[in-house]
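Coordinate analysis (summary)
Listed below are the residues making up each chain.
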Amino acid sequence: MNRTNISTISKHTIKVGILYVLYRILLDFIYLKWVSPIFGYSGFVKDPNIFKVFVSYLVIFLFIIIIPKTNKQVSYMIIQLHFIIMIIPLTSIFGLANLSTKFMVMILLCFAIQVILLKSIPLFEIRKIRNAKKIVVGFTLILTIITYVYLFLTQGINFSAFNISNIYSIRSEQANLGLMGYLVTWQYRIINPSLLVISYMKKKYKLSVLSILLQITLFLMFPHKEVFLSVGLITLILLIGRFQYKFDSVYIYILAFSSILFIYIYEVFENLQPLSVLPVRLLYVPALIKFQHYEFFSINEKLYYSEGMIGNVFGLDYPYSIPSGFLIGGSTNNANTGYLAYAFDNAGFLGMVLMSIIFVFLLVLIDSLVKYQNKYLIFALFVYPIAVLNDGDLLTLLLTGGLWLLIIILLVFNDINFENNKKGLSNEKENIF
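As the structure is a prediction and not an experimental result, all values here were calculated from the model.

Reading the values: the criteria
- Residues numbered from 1 in each chain as written.
- Predicted model: local features only at pLDDT ≥ 70, side-chain atom pairs only at ≥ 80, totals over all residues.
- Heavy atoms only, no water.
- Axes fitted to C-alpha atoms, helices over the stretch in contact; angles between N-to-C directions.
- Helix = DSSP H or I, 4+ residues; strand = E, 2+ residues; numbered from the N terminus.
- Parallel < 35°, antiparallel > 145°, perpendicular 65-115°, else oblique.
- Left-handed = near helix turned anticlockwise from the far one by under 90°.
- Contact = heavy atoms within 4.5 Å.
- Nonpolar A, V, L, I, M, F, W, Y, C, P; charged D, E, K, R; others polar.
- Phe/Tyr/Trp six-rings, centres within 6.5 Å; stacked < 30°, edge-to-face > 60°.
- Buried < 20%, exposed > 50% of the residue type's maximum accessible area, 1.4 Å probe, protein only.
- Lys NZ or Arg CZ within 6 Å of the ring centre and 35° of its normal.
- Patch = residues over 30% accessible without salt bridge, like charges linked within 9 Å, V, L, I, M, F, W, Y side chains within 5 Å.
- Areas by Shrake-Rupley, 256 points an atom, 1.4 Å probe, with all protein chains shown as cover.
- Salt bridge = Lys/Arg side-chain N within 4 Å of Asp/Glu carboxyl O.
- Core = buried A, V, L, I, M, F, W, Y, C linked by side-chain atoms within 4.5 Å.

**Details of the packing of helix α7 (residues 180-201) against helix α8 (residues 205-221)**
Relative to each other, α7 and α8 sit at 160 degrees, their axes nearing to 7 Å. With respect to α8, the element α7 is oriented roughly antiparallel. With respect to the hand of their crossing, α7 and α8 are arranged in left-handed fashion. Contacts from Val184, Gln187, Tyr188, Asn192, Leu195, Leu196, Ser199 and Tyr200 in α7 reach Tyr205, Leu207, Ser208, Ser211, Ile212, Leu214, Gln215 and Leu218 in α8. Looking at side-chain class alone, the contact of α7 with α8 contains 10 nonpolar, six polar and no charged residues.

Written out as structure tokens, the structure reads:
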């Protein structure tokens with residue numbers, strides 16, 4: 001690496017480092033000024049511990065040094081995403097609400113393990129599955145037909161879902177999907193997004209429009225906000241990739257300016273809903289719930305993987321009468337948590353380390369599968385499922401959340417978008433973000 005490249009990397013490290021710190025300062029200010037005063041009843045207490053605040057900022061500086069800051073591998077952007085939406089909000093609420101030091105150390109150690117392993121483990125060669133495209137396309141087409149016919153017959157189309165305030169009332173009146181819920185999840189997390197990304201990059205724009213229409217139709221039958229959020233996040237990554245911007249910088253800008261805008265809307269128009277979504281629901285609620293899970297399972301019996309598919313397959317006895325999320329949410333609210341906190345629920349700190357290793361292996365597998373593909377495109381495919389890990393479990397995502405299907409798609413489609421002369425990732429616009 002020549003001096004020019006080193007200088008460019010150093011400049012970006014300084015730029016993005018400053019952004020990370022300013023982003024953390026903004027989150028702290030928003031928490032003290034708005035989140036705690038307005039939502040304090042739900043656990044967002046204001047109890048600043050100066051020592052914890054100082055240490056948490058020191059941690060941010062340390063991770064700025066070691067975290068990957070390029071877009072040359074899909075895994076690097078995934079780590080950046082988790083640092084922005086998971087780690088930094090955790091450090092903020094840790095100091096300002098005076099939460100558990102022990103759990104915070106566990107989280108930081110596991111994230112450090114992930115970064116170090118990811119930068120140390122080499123990629124490996126994987127043979128693509130040849131002549132299987134028709135099988136995969138046929139399989140996903142059958143799943144799509146079954147999903148939409150079932151939803152149309154059992155749920156119907158609710159055009160009133162376009163009014164966001166009607167979503168919860170519509171959902172309360174709908175029947176339980178049961179096992180079909182898995183197919184619905186695969187549809188809006190994996191199948192429709194894959195069709196959108198692949199058709200967009202192959203310039204088959206009619207198919208791109210079709211994928212968006214499929215997602216909108218699914219939302220009208222299954223009105224969950226994440227159906228729309230997934231498309232929005234994917235579109236954002238496609239735009240970042242189109243202009244070759246740095247993901248971490250752009251995403252921080254978007255979160256910061258959106259939070260400021262939503263605060264302005266609250267202050268001027270007294271509309272609390274946007275603020276309750278960002279930064280509260282997206283950033284602070286997952287952070288608080290992680291600490292709540294730790295507080296409960298640090299003194300009560302752990303799950304030992306008895307909850308969910310693994311427990312069913314191996315006949316493990318679940319020690320509680322209600323799902324773990326409801327244990328934390330007070331029997332009325334399903335307080336799901338992220339993959340590291342859920343790993344603690346199952347097996348303590350050793351479970352967190354194990355899950356970190358599994359996560360790194362998954363990231364290395366993805367990087368190895370897409371060595372010569374445009375990294376932004378692959379990240380667009382993975383961005384929403386990976387973002388869900390801030391609220392969900394990794395094993396659940398792999399087994400029932402549809403991530404296995406996305407891995408198969410990568411194994412079969414070896415030409416999603418071969419990098420044009422491998423220019424795409426070497427000409428990033430360092431001078432813009």
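Next, the rest of the story.
**Considerations on the packing of aromatic side chains**
Applying the stated criterion across every chain, the model contains 25 aromatic pairs. Ring centres 6.3 Å apart and planes at 70 degrees place the aromatic pair Phe103 and Phe344 in the edge-to-face group. With a gap of 241 residues between them, Phe103 in helix α4 (residues 101-120) and Phe344 in helix α14 (residues 339-369) connect regions that are remote in the sequence. Of the two residues, Phe103 and Phe344, neither departs from the other in class, the shared state being buried. An angle of 5 degrees between the planes, with centres 6.1 Å apart, marks the rings of Tyr253 and Phe257 as stacked. Highlighted residues: Tyr253 and Phe257, both in helix α10 (residues 247-269), separated by four residues, approximately one helical turn. Counting every residue linked through ring pairs, the aromatic cluster contains Tyr20, Phe63, Phe83 and Phe111. Positioned above the aromatic ring of Tyr57 is the side chain of Arg24, whose terminal nitrogen or guanidinium carbon lies 4.1 Å from the ring centre. Here the basic side chain of Arg242 rests over the ring of Phe243, its NZ or CZ set 5.7 Å away from the ring centre.

**Digging into a nonpolar patch on the surface**
A grouping of Leu141, Ile145, Val149, Phe152, Leu153, Ile157, Phe159, Phe162 and Phe228 is seen on the molecular surface, where their side chains present a nonpolar patch of about 930 Å² in accessible area. Element by element, the count of residues in the nonpolar patch is highest for helix α5 (residues 133-154), at five residues.

**Things to note about the environment of Phe159**
Secondary-structure assignment places Phe159 in the loop between α5 and α6 (167-173). Judged by its relative accessible area of 59%, Phe159 falls in the exposed class. Residues Phe159 and Tyr253, spaced 94 residues apart in sequence, show a C-alpha to C-alpha distance of 33 Å.

**Focus on the nonpolar core**
Counting residues in each nonpolar core, the largest one holds 134 residues, and the members touching the most others are Phe44, Phe83, Ile93, Tyr251, Met352 and Phe382. Tallying contributions element by element places α14 first for this core, with 17 residues. Within the second largest apolar cluster, 15 residues are counted, among which are Tyr148, Ile167, Leu214 and Val227.

**Observations concerning the pattern of salt bridges**
Per the counting criterion, the structure on display carries four salt bridges. Residue Glu125 pairs with Lys371 through a salt bridge whose shortest N-O separation is 2.7 Å. Here Lys371 lies in the loop between α14 and α15 (375-388) and Glu125 lies in the loop between α4 and α5, a separation of 246 residues in the sequence. As a salt-bridge pair, Asp391 and Arg281 come within 3.4 Å of each other at their nearest N and O atoms. In this pair, Asp391 is assigned in the loop between α15 and α16 (394-399) and Arg281 in helix α11 (residues 273-297), connecting sequence segments 110 residues apart. Take Asp391: its relative accessible area is 24%, and that puts it in the partly exposed class. Under the relative-accessibility criterion, Arg281 is labelled partly exposed at 40%.

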